[in-house]
Amino acid sequence: MRWYKHFGLDYVFLRHDCNIQQVPLSSISHFSNLDDLRRAICELNCPLRRMSKNTVISDGSPGSGIMVIGEAPGQEEDEQGKPFVGQSGQLLDNMLKAVGIKRSDVYISNVVFWRPPGNRTPSVDEIAMCMPYVERHIMLVNPKILLLLGGVAVKAVLDTSESISRIRGRKNEYKGINVVATFHPAYLLRSPGQKQVAFRDFIQLKRQLTALHF
Ligand code: URA
């Protein structure tokens, strides 16, 4: 929402084919529970939606205190309608397990709700279309800690142009919520040498969780 409010806008313009869908920001902030928000996301006229099998919104436990946000669903996620169930998801599960956190003890989502064709990086327009819903999603889940996976999630949620390498390892906050930023599991699969560095971020996550008595 900040993205648009910065520009003094009260409406988001969502493109669908040649039509422009005008969505009042106030209508998004009126979603007062996750079911209503999920229904609205499923009805969004995003071009990606028409190319996907499923809308992928979330998995896990919203009351767990930890909300994980990645980039966008891949093929496996599109098939199953759940985030992080492919190879990246297995690595995420293992990294959480390494610090004593079960997958069922976190809540997982993405900054984009549909698979971009060929698993390409979501475009600025696609991210901008989903962000008001992502921001409302975070507000409704109200986690103690946000775990942001990869540069796309970090840039979109923290509204920054800084790279993940610069942001990770620092103290970050989003609207009063502690943020732990780390590399995306897909990047770690390609660059296993960075797993050590990412592991430090997961230790930090566990420390913050313990300090918050979770
Ligand atoms: N990568 C992501 O960023 N999200 C998923 O859900 C799966 C892979």
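The structure displayed is predicted, hence computed values, not measured ones. (Residues numbered from 1 in each chain as written. Predicted model: local features only at pLDDT ≥ 70, side-chain atom pairs only at ≥ 80, totals over all residues.)

## Description of the sheet that holds strand β8 (residues 177–182)
Part 1 of the reasoning: Pairing is mixed in the open sheet, where six strands are placed in the order β3-β5-β4-β6-β8-β7. Each of the sheet's edge strands pairs with one partner strand only, and the pair in question is β3 (59–60) and β7 (172–174).
Part 2 of the reasoning: In the packing of helix α8 (residues 151–158) onto the sheet, the strands contacted are β4 (66–70), β6 (145–149), β7 and β8, and the crossing angle to β6 comes to about 130°. (Pairing = 2+ DSSP bridges. Helix = DSSP H or I, 4+ residues; strand = E, 2+ residues; numbered from the N terminus. Contact = placed C-beta atoms within 7 Å. Axes fitted to C-alpha atoms, helices over the stretch in contact; angles between N-to-C directions.)

## Some points on the environment of Val134
Part 1 of the reasoning: The topology assignment puts Val134 in helix α7 (residues 124–141).
Part 2 of the reasoning: Given 21 C-beta atoms within 10 Å, Val134 falls into the buried group.
Part 3 of the reasoning: Val134 sits 25 residues away from Ser109 along the chain, and the two C-alpha atoms are 8.7 Å apart. (Buried ≥ 20, exposed ≤ 12 C-beta atoms within 10 Å, placed from the backbone.)

## Comments concerning α8
Part 1 of the reasoning: Taking burial as the measure, the eight residues of α8 include six buried ones, the bulk of the element.
Part 2 of the reasoning: Every buried residue of α8 is accounted for by Gly151, Val152, Ala153, Val154, Ala156 and Val157.
Part 3 of the reasoning: Of the residues one or two after α8, Asp159 is the one with positive phi, at around 55°.

## Considerations on the confidence of the model for the chain
Part 1 of the reasoning: Looking at the chain, the pLDDT average stands at 91 and 88% of residues meet or exceed 70.
Part 2 of the reasoning: When the criterion is pLDDT under 50, residues 3–8 qualifies, and its contacts beyond four places in sequence or with other chains add up to six contacts.
Part 3 of the reasoning: Predicted confidence for residues 13–20 stays below pLDDT 50, and this span has 10 contacts to residues more than four positions away or in other chains. (pLDDT = per-residue confidence, 0-100.)

## Focus on unusual backbone geometry
Part 1 of the reasoning: Phi angles above zero are rare outside glycine, and Phe84 is one such case at about 50°.
Part 2 of the reasoning: Looking at the element boundaries, Phe84 is found in the loop between α5 (75–80) and α6 (87–98).
Part 3 of the reasoning: Within the chain, Lys175 stands out as a residue other than glycine whose phi angle is a positive 45°.
Part 4 of the reasoning: You can see Lys175 is positioned in the loop between β7 and β8.

## A few points about the site of the ligand
Part 1 of the reasoning: Close to the ligand lie Gly70, Glu71, Ala72, Pro73, Gly74, Glu77, Pro83, Phe84, Gly86, Ser88, Asn110 and Ala186.
Part 2 of the reasoning: Residues belonging to the shell around the ligand are distributed by class as follows: five nonpolar, five polar and two charged. (Near = placed C-beta within 6 Å. Nonpolar A, V, L, I, M, F, W, Y, C, P; charged D, E, K, R; others polar.)

## Structural notes on α7
Part 1 of the reasoning: Taking 1.5 Å of rise per residue, the 18 residues of α7 would be expected to cover 26 Å, and the 25 Å separating its terminal C-alpha atoms lies within 8% of that figure.
Part 2 of the reasoning: Approximately 40° is the largest bend angle found in α7, and it occurs at Met131, with the proline Pro132 only one to four residues beyond.
Part 3 of the reasoning: What α7 keeps buried is the set Glu126, Ile127, Met129, Cys130, Met131, Pro132, Tyr133, Val134, Glu135, Arg136, His137 and Val141.
Part 4 of the reasoning: Downstream of α7 by one or two residues, Asn142 has phi in the positive range, about 50°. (Expected span 1.5 Å × (residues − 1). Bend = angle between axes of the 7 residues up to and from the residue.)

## Points about the nonpolar core
Part 1 of the reasoning: Ranked by size, the top nonpolar core spans 50 residues in total, and within it Val68, Ile69, Val111, Cys130, Leu147, Leu148 and Ala153 carry the most contacts.
Part 2 of the reasoning: Filtering out sequence-adjacent residues up to four positions away, Val111 remains in contact with Ile69, Glu71, Ile127, Cys130, Met131, Val134, Val152, Ala153, Ala156 and Val157. (Core = buried A, V, L, I, M, F, W, Y, C linked by C-beta atoms within 7 Å.)

## Examining the pairing of β4
Part 1 of the reasoning: Burial of β4 is extensive: five of the five residues sit out of reach of the surface.
Part 2 of the reasoning: A two-sided burial pattern is seen for β4, the buried positions comprising Ile66, Val68 and Gly70 on one face and Met67 and Ile69 on the other.
Part 3 of the reasoning: In terms of strand pairing, β4 meets β6 through four bridges, oriented parallel. Bridging from a neighbouring strand, Val68 pairs with Leu147 of β6.
Part 4 of the reasoning: Of the pairings in the sheet, the one linking β4 to strand β5 (residues 107–110) comprises four bridges and is parallel in character. Looking across to β5, one finds that Gly70 is bridged to Asn110.

## A few points about the packing of helix α3 (residues 34–42) against α7
Part 1 of the reasoning: Remark: α3 packs on α7, axes separated minimally by 10 Å, with the N-to-C direction vectors making an angle of 165°. As far as their axial angle goes, α7 and α3 are roughly antiparallel. Where α3 crosses over α7, the handedness of that crossing is left-handed. For the pair α3 and α7, the contacting residues are Leu34, Leu37 and Ile41 in the first and Tyr133, Arg136, His137 and Leu140 in the second.
Part 2 of the reasoning: Classifying every residue of the contact of α3 with α7 by side-chain character gives five nonpolar, one polar and one charged. (Parallel < 35°, antiparallel > 145°, perpendicular 65-115°, else oblique. Left-handed = near helix turned anticlockwise from the far one by under 90°.)

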